[in-house]
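# Observations on the model geometry
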Amino acid sequence: MENDKKYTARQEQLARFAKALGHPARISIMQFLAKQESCYFGDIHEELPIAKATVSQHLKELKNAGLIQGEIETPKVKYCINKANWELAQNLFSEFMGQCICKKKNCC
């Protein structure tokens with residue numbers, strides 16, 4: 001008999017965000033975009049110490065997770081943090097990390 005237990009939508013969304021942020025290059029990209037006053041027009045690979053093809057793969061992961069949004073406006077691409085999903089990620093991570101694992105001072 002197959003296990004009927006399912007993950008909640010919040011657990012699945014948190015896992016998608018965690019996976020997307022699970023590489024230092026993606027953290028770097030998010031930090032770079034967070035410092036921008038508005039959407040960034042340009043080649044992010046020029047701002048970061050990684051190859052253009054590698055940046056493209058990382059941007060794709062972040063976009064698929066919904067953490068960034070981008071539009072091709074030849075010859076450049078416009079990238080922004082998806083503010084609604086970033087706020088959701090903040091809430092989900094805060095909720096997850098704020099859980100009290102053990103009420104005792106030393107659990108083990």
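Presented here is an overview of the structure given in this document. (Residues numbered from 1 in each chain as written. Predicted model: local features only at pLDDT ≥ 70, side-chain atom pairs only at ≥ 80, totals over all residues. Heavy atoms only, no water.)

### Things to note about helix α2 (residues 24-34)
The set of residues buried in α2 consists of A25, R26, I29, M30, F32 and L33. The arc enclosing the buried residues of α2, seen along the axis, measures out at 160 degrees, which places them on a common side. Exposed positions of α2 whose direction lies more than 90 degrees from the buried face are P24 and A34. (Buried < 20%, exposed > 50% of the residue type's maximum accessible area, 1.4 Å probe, protein only. Helix = DSSP H or I, 4+ residues; strand = E, 2+ residues; numbered from the N terminus. Arc of directions from axis to C-beta.)

### Considering the state of the cysteines
A covalent bond between the sulfur atoms of two cysteines is what we call a disulfide. Tallied over the full model, the rule gives 1 disulfide. Note on cysteine connectivity: C39 is disulfide-linked to C80, with sulfurs 1.4 Å apart. Of this pair, C39 sits in the loop between α2 and β1 (40-41) while C80 is found in strand β3 (residues 76-81), placing the two residues 41 residues apart along the sequence. For C39, a relative accessible area of 28% puts it in the partly exposed group. (Disulfide = S-S within 2.5 Å.)

### Here we look at the packing of α2 against helix α3 (residues 52-64)
At a closest axis distance of 10 Å, the pairing of α2 and α3 adopts a crossing angle of 75 degrees. In terms of their interaxial angle, α2 and α3 are classed as roughly perpendicular. For the pair α2 and α3, contact is made by A25, R26, I29 and M30 and by V55, H58, L59, E61 and L62, respectively. Classifying every residue of the contact of α2 with α3 gives 6 nonpolar, 1 polar and 2 charged. (Axes fitted to C-alpha atoms, helices over the stretch in contact; angles between N-to-C directions. Parallel < 35°, antiparallel > 145°, perpendicular 65-115°, else oblique. Contact = heavy atoms within 4.5 Å. Nonpolar A, V, L, I, M, F, W, Y, C, P; charged D, E, K, R; others polar.)

### Examining the pattern of salt bridges
Applying the stated criterion to the full structure yields 1 salt bridge. Between R10 and E95 there is a salt bridge; the shortest N-O distance is 2.7 Å. Of this pair, R10 sits in helix α1 (residues 9-20) while E95 sits in helix α4 (residues 83-97), and the two are 85 residues apart along the sequence. By relative accessible area, E95 is classed as partly exposed at 45%. (Salt bridge = Lys/Arg side-chain N within 4 Å of Asp/Glu carboxyl O.)

### Observations concerning the nonpolar core
By size, the foremost hydrophobic cluster in this structure holds 21 residues, and its most contacted members are L33, I44, L62 and L67. Among the secondary structure elements, those contributing two or more residues to this core are α1, α2, α3, β3 and α4. Ranked by residue count, the leading element in this core is α2, at 4 residues. Apart from the residues within four sequence positions on either side, I44 is in contact with I29, F32, L33, V55, L59 and Y79. (Core = buried A, V, L, I, M, F, W, Y, C linked by side-chain atoms within 4.5 Å.)

### Digging into the packing of aromatic side chains
In the structure shown here, the tally under the stated rule is 1 aromatic pair. Arranged with centres 4.9 Å apart and planes meeting at 80 degrees, the rings of F32 and Y40 form a pair that is edge-to-face. The buried category is assigned to Y40, whose relative accessible area is 11%. (Phe/Tyr/Trp six-rings, centres within 6.5 Å; stacked < 30°, edge-to-face > 60°.)

### Focus: α1
If you check α1, its first and last C-alpha atoms are 17 Å apart, about what 12 residues at 1.5 Å a residue would give, namely 16 Å. All of the buried residues along α1 are Q13, L14, F17 and A20. Buried residues along α1 cover an arc of 130 degrees about the axis, so they all sit on one side. Buried residues along α1 sit against α2, α3 and α4. (Expected span 1.5 Å × (residues − 1).)

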